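Survey of secondary and tertiary structure
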Amino acid sequence: MTWWTGDTLVVFDASNLTQRYTIAAGDTVAPLGPGVMMAGQLLVPVTDAIGVYDPVSGQNVRNIPVKREPSTSAVVPAVSGSRIFEQRGDTLVALG
């Protein structure tokens, strides 16, 4: 379970809601919205990419580049099958 604060993503253990770790904004990359699980990995919309994280440790595995227009709205991801969807303000975008 994730909670986006506006500049940090907080990840909780779903079974007891204890905090596991945070993914904070860095010098060049910041979380842009909540995370979503896909294929055993935590996907997080970050600046210019989708960050792929180990859901247990919070270790960044890699970043998948994504072009997004600058916005102040949250990027809210969802997964359906092999596709990733992002709601960016009033726009829904399918990736993959």
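Scroll up a little and you will see the structure.
The paragraphs below set out a description of the structure included in this document.

A closer look at the environment of Leu9
The topology assignment puts Leu9 in strand β2 (residues 8-12). Spatially, the C-alpha atoms of Leu9 and Met38 are 17 Å apart, while their sequence positions differ by 29 residues. Residues within four places of Leu9 in sequence aside, it is in contact with Thr2, Trp3, Trp4, Tyr21, Thr22, Ile23, Pro31, Gly33, Pro34, Gly35 and Val44.

Regarding the side chain of Arg68
Note on placement: Arg68 falls in the loop between β7 (60-65) and β8 (75-80). Within the structure, the side chain of Arg68 is placed 2.7 Å from the backbone oxygen of Val46, a separation counted as a polar contact. Within the local environment of Arg68, its side chain forms a polar contact with the backbone oxygen of Ala49, the two atoms lying 3.0 Å apart. When sequence neighbours within four positions are dropped, the list of residues in contact with Arg68 reads Leu32, Pro45, Val46, Thr47, Asp48, Ala49, Ile50, Val75, Glu86 and Arg88.

Notes on the sheet that holds strand β9 (residues 83-88)
Pairing in this open sheet of 3 strands is antiparallel, and the strands run β8-β9-β10 from one edge to the other. Where the open sheet ends on each side, the last strands, each with one partner, are β8 and β10 (91-95). Sheet twist, expressed as the average angle between the axes of neighbouring strands with direction ignored, equals 25°. Both β9 and β10 contribute to a ladder of 5 bridges, which runs antiparallel.

Examining the side chain of Thr2
Examined against the element boundaries, Thr2 turns out to sit in strand β1 (residues 2-4). Among the polar contacts listed, one links the side chain of Thr2 to the backbone nitrogen of Gly35, at a separation of 3.0 Å. With residues up to four places along the chain from it excluded, the contact list for Thr2 reads Leu9, Val10, Val11, Pro34, Gly35 and Leu42.

What about the nonpolar core?
Residues Leu9, Val11, Tyr21, Ile23, Leu42, Val44, Val46, Ala49 and Tyr53 constitute the largest nonpolar core, which totals 9 residues. Looking at this core, the elements with two or more residues in it are β2, β3 (19-24), β5 (41-46) and β6 (49-53). The element that contributes the greatest number of residues to this core is β5, accounting for 3 residues.

A closer look at the pattern of salt bridges
By the definition in use, this model includes 3 salt bridges. Between Arg20 and Asp13 there is a salt bridge, and its shortest N-O distance comes to 3.4 Å. Owing to a relative accessible area of 39%, Arg20 belongs among the partly exposed residues under this scheme. Glu86 serves as the salt-bridge partner of Arg88, at 2.7 Å between the closest nitrogen and oxygen. Note on Glu86: relative accessible area 0%, which makes it buried. Taken together, the salt bridges that share partners define one network made up of Arg68, Glu86 and Arg88.

What counts as what
Residues numbered from 1 in each chain as written. Predicted model: local features only at pLDDT ≥ 70, side-chain atom pairs only at ≥ 80, totals over all residues. Heavy atoms only, no water. Helix = DSSP H or I, 4+ residues; strand = E, 2+ residues; numbered from the N terminus. Contact = heavy atoms within 4.5 Å. Polar contact = N/O pair within 3.5 Å; in protein donor to acceptor, adjacent residues only side chain to side chain. Pairing = 2+ DSSP bridges. Axes fitted to C-alpha atoms, helices over the stretch in contact; angles between N-to-C directions. Core = buried A, V, L, I, M, F, W, Y, C linked by side-chain atoms within 4.5 Å. Buried < 20%, exposed > 50% of the residue type's maximum accessible area, 1.4 Å probe, protein only. Salt bridge = Lys/Arg side-chain N within 4 Å of Asp/Glu carboxyl O.

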